[in-house]
Amino acid sequence: MSLLFLLLPLDLIGAAMAFLISYDELQRHARGSRYAALEAARRAAFAFAYLIALSVVIVLILTRANG
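In this text the structure is predicted, and so the values were computed from the model without any measurement. (Residues numbered from 1 in each chain as written. Predicted model: local features only at pLDDT ≥ 70, side-chain atom pairs only at ≥ 80, totals over all residues. Heavy atoms only, no water.)

1. Concerning the packing of helix α1 (residues 2–29) against helix α2 (residues 33–66)
Link 1 in the chain: Close contact between α1 and α2 brings their axes to 7 Å; oriented N to C, the two are set at 155°. Taken together, the axes of α1 and α2 lie roughly antiparallel to each other. You can see that α1 and α2 cross each other, and the crossing is right-handed.
Link 2 in the chain: Classifying every residue of the contact of α1 with α2 gives 22 nonpolar, 5 polar and 3 charged. (Axes fitted to C-alpha atoms, helices over the stretch in contact; angles between N-to-C directions. Helix = DSSP H or I, 4+ residues; strand = E, 2+ residues; numbered from the N terminus. Parallel < 35°, antiparallel > 145°, perpendicular 65-115°, else oblique. Left-handed = near helix turned anticlockwise from the far one by under 90°. Nonpolar A, V, L, I, M, F, W, Y, C, P; charged D, E, K, R; others polar.)

This is the structure we're talking about:
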């Protein structure tokens, strides 16, 4: 289970990167800055949830493989 705590900061970095990339692109193509920030935050939250779920699956697979 300690692997999950090791992966958590990496998941946060991934979500932050998703926010920054989405915000930059949406600011260029979207209607306004507020819309871009809200949509980028929604995408970052989805990316964080996806990465957490993937981390849990990885930890479960590794713990079962090691017995």
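2. What to know about the environment of glutamate 39
Link 1 in the chain: For glutamate 39, the location among the structural elements is in helix α2.
Link 2 in the chain: Among the residues examined, glutamate 39 registers a relative accessible area of 12% and is labelled buried.
Link 3 in the chain: Placed 25 residues apart in sequence, glutamate 39 and arginine 64 show a C-alpha to C-alpha distance of 38 Å. (Buried < 20%, exposed > 50% of the residue type's maximum accessible area, 1.4 Å probe, protein only.)

3. What to know about the pattern of salt bridges
It is possible for side chains bearing opposite charge to pair when their charged atoms get close.
Link 1 in the chain: According to the stated counting rule, one finds 3 salt bridges in the structure shown.
Link 2 in the chain: Among the salt bridges present, the one from arginine 28 reaches aspartate 24, with a minimum N-O distance of 3.2 Å. One end of the pair, arginine 28, and the other, aspartate 24, are both in helix α1, 4 residues apart, so they sit about a helical turn from each other.
Link 3 in the chain: On the accessibility criterion, arginine 28 (59% relative accessible area) is exposed. (Salt bridge = Lys/Arg side-chain N within 4 Å of Asp/Glu carboxyl O.)

4. With respect to the packing of aromatic side chains
Link 1 in the chain: A complete count under the given rule lists 1 aromatic pair for this structure.
Link 2 in the chain: Ring centres of phenylalanine 19 and tyrosine 23 lie 5.8 Å apart, and the angle between their planes is 10°; this geometry places the pair in the stacked category. With phenylalanine 19 and tyrosine 23 both in helix α1 and 4 residues apart, the pair spans about one turn of that helix.
Link 3 in the chain: You can call tyrosine 23 partly exposed: its relative accessible area is 22%. (Phe/Tyr/Trp six-rings, centres within 6.5 Å; stacked < 30°, edge-to-face > 60°.)

Taken by themselves, the reported measurements are silent on function.
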